[in-house]
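Chain residues, written in single-letter form:
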Amino acid sequence: MKRTLMAFLLLGGLALAQADGAKLYAQCAGCHQANGQGIPGAFPPLAGHVAEILGKQGGREYLIKVILWGLQGQIEVKGMKYNGAMPAFNGLKDEEIAAVLNHIATAWGDDKKVQGFKPFTPAEVKALRDKKLTPQQVLEERKKLGLK
């Protein structure tokens, strides 16, 4: 009985310690909306577009860079042009960025559209954190993926 209780408390504590991607996404929802549809002409949709990015070689790393360093300049998503700036969120911890990315990859089913999708890990974020890119350099990374 004591072992079961101890295991339950330990697992419960670990669950509380993990970052909640849905709650963290609330910072993003003002622009990208709770349903990931964005605001046409102002803020691009994530729903559906995340799968397109994840389907590209280097797409996972690009998504991490967007959250770490922001994005600035003209892009095109689902035939609509956007020319704005997304701020960097590099003040978030590695596990928080991984949690947000896992939320946006799974909340609208984009993960189901990508063969072999694996959840983002804090280690992936940590590996890219030292790159120190500008938002314009992240835009160039986008172009290298073949995205407009």
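One can find the structure itself at the top, above this paragraph.
Throughout what follows, the structure given in this document is the object of discussion.

Rules and cut-offs
Residues numbered from 1 in each chain as written. Predicted model: local features only at pLDDT ≥ 70, side-chain atom pairs only at ≥ 80, totals over all residues. Heavy atoms only, no water. Disulfide = S-S within 2.5 Å. Buried < 20%, exposed > 50% of the residue type's maximum accessible area, 1.4 Å probe, protein only. Axes fitted to C-alpha atoms, helices over the stretch in contact; angles between N-to-C directions. Helix = DSSP H or I, 4+ residues; strand = E, 2+ residues; numbered from the N terminus. Parallel < 35°, antiparallel > 145°, perpendicular 65-115°, else oblique. Left-handed = near helix turned anticlockwise from the far one by under 90°. Contact = heavy atoms within 4.5 Å. Nonpolar A, V, L, I, M, F, W, Y, C, P; charged D, E, K, R; others polar. Core = buried A, V, L, I, M, F, W, Y, C linked by side-chain atoms within 4.5 Å.

**Description of the state of the cysteines**
Now for step 1: This model, assessed by the stated rule, comprises 0 disulfides.
Now for step 2: With no disulfide of its own, Cys28 lies closest to Cys31 among cysteine sulfurs, the gap being 8.5 Å.
Now for step 3: Take Cys28: its relative accessible area is 17%, and that puts it in the buried class.

**Some thoughts on the packing of helix 4 (residues 59-69) against helix 5 (residues 94-106)**
How two helices sit against one another is set out by the angle between their axes and by the gap between those axes.
Now for step 1: At their nearest, the axes of helix 4 and helix 5 sit 11 Å apart, and the two run at 125° to each other. In terms of orientation, helix 4 lies oblique with respect to helix 5. The chirality of how helix 4 crosses helix 5 is right-handed. Of helix 5, the residues touching helix 4 (which contributes Leu63, Ile64, Ile67 and Leu68) are Ile97, Val100 and Leu101.
Now for step 2: Taken together, the residues of the contact of helix 4 with helix 5 sort by class into 7 nonpolar, no polar and no charged.

**Some thoughts on the packing of helix 2 (residues 21-32) against helix 5**
Now for step 1: Packing of helix 2 against helix 5 brings their axes to within 8 Å, and their N-to-C directions diverge by 85°. The angle between helix 2 and helix 5 falls in the class roughly perpendicular. Taking contact as the criterion, the partners of Gly21, Ala22, Leu24, Tyr25 and Cys28 in helix 2 are, on helix 5, Glu96, Ala99, Val100, His103 and Ile104.
Now for step 2: In terms of residue class, the contact of helix 2 with helix 5 is built from 7 nonpolar, 2 polar and 1 charged.

**Quick look at the nonpolar core**
Now for step 1: Judged by nonpolar contacts, the single largest core of 38 residues is most densely connected at Leu54, Tyr62, Leu63, Leu101 and Phe120.
Now for step 2: Those elements giving two or more residues to this core turn out to be helix 2, helix 3 (49-54), helix 4, strand 1 (71-77), helix 5, helix 6 (122-129) and helix 7 (135-144).

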